Amino acid sequence: MMNSPLMPIIIPFAFAILLMFAPKQLRFQRAGALVGAILTVAASIWLLQKVHIDGIQVVTFGSWPVPYGITMVSDMVSILFVLTSSIITLFTIWYSFRTIGIAREQFFYYPGVLLMLVGVNGAFTTGDIFNLFVFFEVLLMASYLLSVLGGEKIQFRESIKYILVNVVSSALFVITVAMLYSVVGTLNMADIAQKVSDVNQPGILTAIAILFLVVFGLKAAIFPLFFWLPSSYSGPPIPVLALFGALLTKVGVYAITRTFTLFFTGDIAFTHTVLLYLSVATIVAGCIGALAVWDVKKIIIYNIIIAVGVILYGVATYNDTGLLGSMFYVVHDMLIKAALFFLVGIIVYITGQTNLKKMGGLMKRYPSLGWLYLIAAFSLAGIPPLSGFIGKMLLVKGGFEAEQFASGIWILLSSLIVLLSVIRIFVYAFWGKEQQLPPVKKTVYWQIWIPTAILVLLTVAYGVGADALMPYMTQAAEVLANPQLYIDAVKGGK
Amino acid sequence: MEILMAFVIGFLFFAAIYLILSKSLLRIIIGTGLLSHGAHMLILTMGGLGSDAPPVLADGVANSSMADPLPQALILTAIVISFGVTAFFLVLAYRAYQELKTDNIDEMRGEEHDE
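Residues numbered from 1 in each chain as written. Chains lettered and ligands numbered in written order. Predicted model: local features only at pLDDT ≥ 70, side-chain atom pairs only at ≥ 80, totals over all residues.

A. Representation of the interface of chain B and chain A within the structure. Taken together, the contact pairs 24 residues of chain B with 25 residues of chain A. Elements with a minimum of two residues in the side of chain B that touches chain A: helix H2 (25-46) and helix H3 (69-100) of chain B. Take the side of chain B that touches chain A: its biggest share by element is 13 residues, from H3(B). Looking at the side of chain B that touches chain A, its residues break down into 16 nonpolar, four polar and four charged. (Contact = placed C-beta atoms within 7 Å. Helix = DSSP H or I, 4+ residues; strand = E, 2+ residues; numbered from the N terminus. Nonpolar A, V, L, I, M, F, W, Y, C, P; charged D, E, K, R; others polar.)

Below, the structure written as structure tokens:
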């Protein structure tokens, strides 16, 4: 079918509209959201195979010739992001049944989640820089709703800051697109890439590159611009937090990856060196935060920032190995972050609080949860058979190939700090003296344990089965390393 | 013409930043409105000013005198989006005022310590 790249965007959109007709019907809401997410995952897997076999898929709206109409492009990079996002949304919806609360479920929670998936998948798929802005706004609007839904005091306070930061960064995005348009005279990403290489990167393009870095860096939470993230993310409830932590920053990461491999390759000595230093500084900032806090939610939130730095490090080294490592690491990170937030959510549910100092001795009563958490923690740090290992190894190798020895060694050392920061939760919450626990329903505990366990097993399978995924990842890294492949696919198509 | 526009846009940004840095939530929202107006003016200027013929092929109209239709489409999209966001932001500010009993951003900072 011609319009296959649109499927992961249209399916959740249709279901979100459908769900809005009967917000108070609990069973309809849950079933509709679940079916919508499953169909989106199925469509993404089908599209993944199609891209793998037939190459890059391109759709142009209204069949306008390429630089004039809006194009949607599904290459290996974007479809891997789309598939991972859809899987995480599916698990989040499942996990929400018992955790989010009926009041939220009956007030457009599921349409909000699905509409956010529309924006996220659209941002990953679009081939037009202004259309990227529009999809950013779609996902941001849904995220505003999710972050404030429920109306607790802390949610109001943090949502205001979150919205303000994003409104300013959106204005900056529009300004940057306008400047890019005045220099190259086009908005189609493939067309921009071609025109940029024709004009041989004068100073103005380097300035625009840095502006884009600021705009997307605000979304992705890179070093000087991450200030808003820890407090904004501590407002919303756990399932929303998992969704934000796994998806929203990664949209910024994807946008940086796309623009810095497609457009701004003329002055790598400057732009990518800036990116390298920023990614290392991001990891430092995240590590300091993750070690300093005693709130279990915040420890994982600071780990989001560390991961953003690690992924962008691969883009900054800009060689085949580094880019391959980035692709491996980003999919791993999205899955494991969602899993860790789910696990922390269970810990918060059974202890009734987020302060690590007041927890202890959970291992005796909840051994399966303890083991699950330990696997997830090792996986995040990158202990060999688990999923973080392969990505990090390739990233460090890429760093050494680019002769960035100090930063490569720092990536390795940061893994130890990551391990320390998450193992603290294990040591303090699961070992130690048993604390008085509030009464919890065992059935609810098992109902949220099951999706969490499946997601953790999925990350284990991702690590153990890395060999089977190698062809897909290599294909993705190839597109990133050779922008010409992308340009030819878009401009050669209809 | 471009010079004049540069000053107008610069003034809008200056006013917007001044308002966003103030403490009252309502002023901050007005500031974000001005910021997006500045951005829209910037798009219009970046498309090139001065040519005013409709961008339709007709006898006797040179290509160079046609207005660029794309920035106008972009601005229209951006206006609609900023309208939606501002409306949402205003409602949020009102609800937050009801719950938190303040519209002073200074009193909303920091973390709540439950110990």
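From this point, the narrative continues.
B. Examining the pairing of strand E1 (residues 57-60) of chain A more closely. Residues and elements named next belong to chain A. Covered by surrounding structure in E1 are Gln57 and Val59 together with Val58 and Thr60, the residues of both alternating faces. With four bridges connecting them, E1 and strand E2 (residues 71-74) associate as antiparallel partners. Bridged to Val58 within E2 is Val73. (Buried ≥ 20, exposed ≤ 12 C-beta atoms within 10 Å, placed from the backbone. Pairing = 2+ DSSP bridges.)

C. Highlighting the environment of Trp294(A). Residue and element names in this part refer to chain A. You can see Trp294 is positioned in the loop between helix H12 (268-292) and helix H13 (296-317). Sequence separation between Trp294 and Asn355 is 61 residues, and the spatial gap between their C-alpha atoms is 6.0 Å. Contact partners of Trp294, with chain neighbours within four places excluded, come to Asn355, Leu356 and Lys357.

D. Local environment of the confidence of the model for chain B. Residues and elements named next belong to chain B. Within chain B, residue pLDDT values average 88, and 94% of them lie at 70 or more. Across chain B, the secondary-structure element scoring lowest on mean pLDDT is H3, at 93, and the one scoring highest is helix H1 (residues 2-20), at 95. For this predicted complex, the interface confidence reaches an ipTM of 0.93, while the overall pTM sits at 0.94. (pLDDT = per-residue confidence, 0-100.)

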